[in-house]
Amino acid sequence: MNHIISASILNSDFGNLEREIKNAEKAGVNWIHLDIMDGHFVPNISFGPQIVSLCKNISHLPLDVHLMISDPDQFIHDFSEAGADYISVHIENNPNIHRTLQSISAYGKHAGIVLNPGTPVESVFSVLHMVDYVLVMSVNPGFGGQEFLPETLIKIKRLSNELNERNLQIPIEVDGGLNQDTAIDARISGASIFVAGSYIFKNPNGIKEAVRLLKNT
Ligand code: DX5
Ligand code: ZN
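Bear in mind that the values here come from a model prediction, so they are computed numbers and not experimental data.

### Some details on the packing of aromatic side chains
Within this structure, the stated rule accounts for three aromatic pairs. Connected via pairs of aromatic rings, a cluster forms that spans W31, Y86 and Y133.

### Some details on the coordination of the zinc ion (ligand 2)
Each pair of donors in an ideal four-coordinate tetrahedral metal site encloses 109.5 degrees, whereas pairs in an ideal six-coordinate octahedral site enclose 90 or 180 degrees. In this structure, H33 (NE2), D35 (OD), H66 (ND1) and D175 (OD) serve as the protein donors to the zinc ion (ligand 2), at separations of 2.1 to 2.3 Å. Geometry at the zinc ion (ligand 2) is octahedral, judged from the six donor atoms that bind it and their angles of 70 to 168 degrees at the metal. When the donors of the zinc ion (ligand 2) are listed by position in the chain, the intervening gaps give H-x1-D-x30-H-x108-D. Accessibility expressed as a relative area gives 0% for H33, which makes it buried. Judged by its relative accessible area of 6%, D35 falls in the buried class.

### With respect to the pairing of strand β8 (residues 193-196)
Residues of β8 alternate between two faces, with I193 and V195 on one and F194 and A196 on the opposite face, all of them buried. Inspection of the sheet shows strand β1 (residues 4-8) paired to β8 by four bridges, in the parallel sense. Following the sheet pairing, I5 is matched in β8 by F194. The pairing of strand β7 (residues 172-175) with β8 spans three bridges and is parallel. When the sheet's bridge partners are listed, V174 is paired in β8 with F194.

### Side note on the packing of helix α1 (residues 17-27) against helix α8 (residues 207-215)
It is the contact of α1 with α8, at a shortest axis distance of 9 Å, that shows an interaxial angle of 40 degrees. Between α1 and α8, the angle falls in the class oblique. Judged by the sense of rotation from one axis to the other, the crossing of α1 with α8 is right-handed. Within the contact between the two elements, α1 uses E20, N23, A24 and A27 and α8 uses I207, K208 and V211. Taken together, the residues of the contact of α1 with α8 break down into four nonpolar, one polar and two charged.

### Topic: the site of ligand 1
Contacts to ligand 1 come from 20 residues, most closely from G142, G145, D175, G197 and S198. D175 places a polar side-chain atom, nitrogen or oxygen, 2.7 Å from an oxygen atom of ligand 1. Here an oxygen atom of ligand 1 and a backbone polar atom of G177 are 2.8 Å apart. Protein chains shield 99% of the accessible area of ligand 1, which is 380 Å² for the free molecule.

### A short note on the packing of α1 against helix α2 (residues 49-58)
Two elements in contact, α1 and α2, have axes whose closest approach is 10 Å; the angle formed by their N-to-C orientations is 55 degrees. The orientation of α1 relative to α2 falls into the category oblique. In this structure, α1 crosses over α2, and the sense of that crossing is right-handed. Of the residues in α2, those in contact with L17, E18, I21, K22 and E25 of α1 are I51, L54, C55 and I58.

Conventions used here
- Residues numbered from 1 in each chain as written.
- Chains lettered and ligands numbered in written order.
- Predicted model: local features only at pLDDT ≥ 70, side-chain atom pairs only at ≥ 80, totals over all residues.
- Heavy atoms only, no water.
- Phe/Tyr/Trp six-rings, centres within 6.5 Å; stacked < 30°, edge-to-face > 60°.
- Donors = N, O, S within 2.8 Å, 3.2 Å for Na, K, Ca; no water.
- Tetrahedral: all angles 85-135°; square planar, octahedral: opposite > 155°, others 65-115°.
- Buried < 20%, exposed > 50% of the residue type's maximum accessible area, 1.4 Å probe, protein only.
- Helix = DSSP H or I, 4+ residues; strand = E, 2+ residues; numbered from the N terminus.
- Pairing = 2+ DSSP bridges.
- Axes fitted to C-alpha atoms, helices over the stretch in contact; angles between N-to-C directions.
- Parallel < 35°, antiparallel > 145°, perpendicular 65-115°, else oblique.
- Left-handed = near helix turned anticlockwise from the far one by under 90°.
- Contact = heavy atoms within 4.5 Å.
- Nonpolar A, V, L, I, M, F, W, Y, C, P; charged D, E, K, R; others polar.
- Near = heavy atom within 4 Å.
- Polar contact = N/O pair within 3.5 Å; in protein donor to acceptor, adjacent residues only side chain to side chain.
- Areas by Shrake-Rupley, 256 points an atom, 1.4 Å probe, with all protein chains shown as cover.

Structural data, given as structure tokens:
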């Protein structure tokens, strides 16, 4: 019951961003999830530190910044300064992941490691001692509104077992295609932080009802 809902603004109405964030906040989301895409690491471009800083001014909620960019080392300073509280970076194509994670921690931010659906879960095992959370992607990153990939549940479970065996109290975040049903599956597998974008901001029943259902999963 005490899981965290992180609202991804990627598919929100950017023309009314302040209203969207305030509504999500009033509905009871715990964090705001900010998807940073560079058109290189993923086939889409989103926004940069300026929008993060804007969100910092709008909301008192923790900002959960998910970097889907080819050269995260170059931008950790900017996103830290912009007000990120949590910064996660992908394990894929990063030859110096220890350095990247150390840099996030050195800025006093919570450091997260992310893995894509096609990446074996074991690939993050060597950095688990350095992170504050692990983000398991349940869609291929780049776009909101995609369908949850159920084969990612086994990875969440394996990761959860590994963390238990090592006695590491690190939460597992899951991102992509979450709704009131898939969030239950993810929770049962061991996740406790749920990123939801279109389910919250494009829900025909409204933000309040969407968040209520997610919180009850
Ligand atoms: C995908 C992003 C997600 C996305 C989630 O690349 O990392 O955070 O915004 O959106 P939904 O909840 O619509 O799948
Ligand atoms: Zn994300």
